[in-house]
Amino acid sequence: MSANLSTIRTFLLILSAVGSSLFGLMFAASALNPGYVEKVAKELIRLQIEKKIHEKVESLDAAFLSSRAADWIKKYSDEIALAKRELNEKLPEKIAAVIAEMQNLDCECRKKVEGKVRAIFEQRISNAAEMQERLTTLIRTQYMETAGKLTLEFRIFTGTNAVVFLLLGLAALFRRNASLHLLPVAVVLLVAALLVGYLYLFNQNWLHTVVFGDYMGFAFVGYLAVVFAFLCDVLFNRARITTGLLNSVGGSFQVMPC
């Protein structure tokens, strides 16, 4: 029995050393190299930018059309009515005059027509270039906002986990009789770390939903609350609550407070 407890304690110390070192190194890398998180999580940033740009465009369309549609309809209706009236009144004269002028190869009207057509195309190009520049600016702005938010959350997550893994090792060192009592903490830490690793490697769409979801803060606070509750019980209450939980699921096997 003592050998098994010693093995569990050794496992907890190794887990603490590996976890605190791994998360500590990732935190240090993000602090020393501001672009580290952008390189590591570039797919998450891309997904978030696409989502934000899509929302911006949809929001713009909805707001713009709802507020401007009536004005546009009236404006274009008036223009169409005016154009029809002028066309009906002056069409024969205009056709005759234009044909007579265009038959003259030296007529300046040819250059005027060419200039007007060229101006139309240049205006279209200018408008397209302006819209392209606006979209580029929007993407850059969203990129900076997303990268900044993700970097901050990455540092919070890695820094906090490094501290928690370190506390797990300290609890195992100072509470030498605490071995099984610290297993719930180890399980929660391992599950969280493995889940995040799995999502990053195999399902970044889900990880994107978790990271940028409105409930992310509550989930992280809940995760930390569970971990710190077990650690505080072991360190300051001799693991009495944890002991009761372990005994309730352990059947005939009984654990004593540490």
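Remember, predicted model here, so these are calculated numbers, not experimental data. (Residues numbered from 1 in each chain as written. Predicted model: local features only at pLDDT ≥ 70, side-chain atom pairs only at ≥ 80, totals over all residues. Heavy atoms only, no water.)

**Let's talk about the overall build of the protein**
For step 1, the next point in the chain: Across its full length, the protein holds eight helices and zero strands.
For step 2, the next point in the chain: Each helix and strand of the protein, ordered N terminal to C terminal, gives the series α-α-α-α-α-α-α-α.
For step 3, the next point in the chain: The burial tally for the protein puts 26% of its 258 residues in the buried class.
For step 4, the next point in the chain: With the model as given, the accessible surface of the protein reaches about 17500 Å², and the carbon-plus-sulfur share is 67%. (Helix = DSSP H or I, 4+ residues; strand = E, 2+ residues; numbered from the N terminus. Buried < 20%, exposed > 50% of the residue type's maximum accessible area, 1.4 Å probe, protein only. Areas by Shrake-Rupley, 256 points an atom, 1.4 Å probe, with all protein chains shown as cover.)

**Details of the packing of aromatic side chains**
For step 1, the next point in the chain: Enumeration according to the criterion identifies three aromatic pairs in this entry.
For step 2, the next point in the chain: Relative to F157, the ring of F23 lies with its centre 5.9 Å away and its plane at 80°, an arrangement referred to as edge-to-face. Residue F23 is found in helix α1 (residues 2–32), and its partner F157 is found in helix α4 (residues 108–174); the two are separated by 134 residues along the sequence. Take F23 and F157: they sit in the same class, and that class is buried.
For step 3, the next point in the chain: Arranged with centres 5.7 Å apart and planes meeting at 20°, the rings of F23 and F165 form a pair that is stacked. (Phe/Tyr/Trp six-rings, centres within 6.5 Å; stacked < 30°, edge-to-face > 60°.)

**Examining the confidence of the model for the protein**
Interpretation of this model should avoid reading the predicted coordinates in detail wherever pLDDT is low.
For step 1, the next point in the chain: Mean pLDDT over the protein stands at 75; residues scoring 70 or higher make up 66%.
For step 2, the next point in the chain: When mean pLDDT is taken per element in the protein, α1 scores highest with 86 and helix α3 (residues 42–102) scores lowest with 63. (pLDDT = per-residue confidence, 0-100.)

**What to know about the nonpolar core**
For step 1, the next point in the chain: By size, the foremost hydrophobic cluster in this structure holds 28 residues, and its most contacted members are L168, L182 and L189.
For step 2, the next point in the chain: Of all the secondary structure elements, the ones that give two or more residues to this core are α1, α4, α5 (183–202) and α7 (216–236).
For step 3, the next point in the chain: Not counting chain neighbours up to four residues away, the residues in contact with L182 comprise L12, L168, A171, A172, L231 and V234.
For step 4, the next point in the chain: Counting residues in each nonpolar core, the second largest holds 10 residues, with V37, A41, A147 and F154 among its members. (Core = buried A, V, L, I, M, F, W, Y, C linked by side-chain atoms within 4.5 Å. Contact = heavy atoms within 4.5 Å.)

**Notes on the environment of I53**
For step 1, the next point in the chain: Tracing the sequence through the fold places I53 in helix α3.
For step 2, the next point in the chain: Here I53 falls in the buried class, since its relative accessible area comes to 14%.
For step 3, the next point in the chain: It is 7.2 Å that separates the C-alpha atoms of I53 and I139, two residues lying 86 residues apart in sequence.
For step 4, the next point in the chain: Apart from the residues lying within four places of it in its own chain, the contact partners of I53 are L135, L138, I139 and Q142.

**Regarding the side chain of S16**
For step 1, the next point in the chain: Residue placement: S16 occurs in helix α1.
For step 2, the next point in the chain: Under the relative-accessibility criterion, S16 is labelled buried at 5%.
For step 3, the next point in the chain: Once residues within four sequence positions are removed from consideration, S16 is found in contact with F165, L166, L168 and G169.

**As for the side chain of T151**
For step 1, the next point in the chain: Structurally, T151 is set in helix α4.
For step 2, the next point in the chain: Side-chain polar atoms of T151 contact the backbone oxygen of A147, separated by 2.7 Å. (Polar contact = N/O pair within 3.5 Å; in protein donor to acceptor, adjacent residues only side chain to side chain.)

**What to know about helix α8 (residues 240–249)**
For step 1, the next point in the chain: Considered for burial, the residues of α8 that qualify are T242, T243 and N247. Buried residues along α8 cover an arc of 130° about the axis, so they all sit on one side. Across from the buried face of α8, at angles greater than 90 degrees, the exposed residues are I241, S248 and V249. (Arc of directions from axis to C-beta.)

**Describing a nonpolar patch on the surface**
For step 1, the next point in the chain: Taken together, the side chains of L166, L170, L173 and F174 make up a nonpolar region of the molecular surface, amounting to roughly 410 Å² of accessible area.
For step 2, the next point in the chain: Inspection of the secondary structure assignment puts L170 in helix α4. (Patch = residues over 30% accessible without salt bridge, like charges linked within 9 Å, V, L, I, M, F, W, Y side chains within 5 Å. Salt bridge = Lys/Arg side-chain N within 4 Å of Asp/Glu carboxyl O.)

**What about unusual backbone geometry?**
For step 1, the next point in the chain: The backbone of R238 sits at a positive phi, close to 55°, despite the residue not being glycine.
For step 2, the next point in the chain: Note that R238 resides in the loop between α7 and α8.
For step 3, the next point in the chain: Even without a glycine there, the phi angle at A239 is positive, about 60°.
For step 4, the next point in the chain: The residue A239 is located in the loop between α7 and α8 in this model.
For step 5, the next point in the chain: Judged by its relative accessible area of 0%, A239 falls in the buried class.

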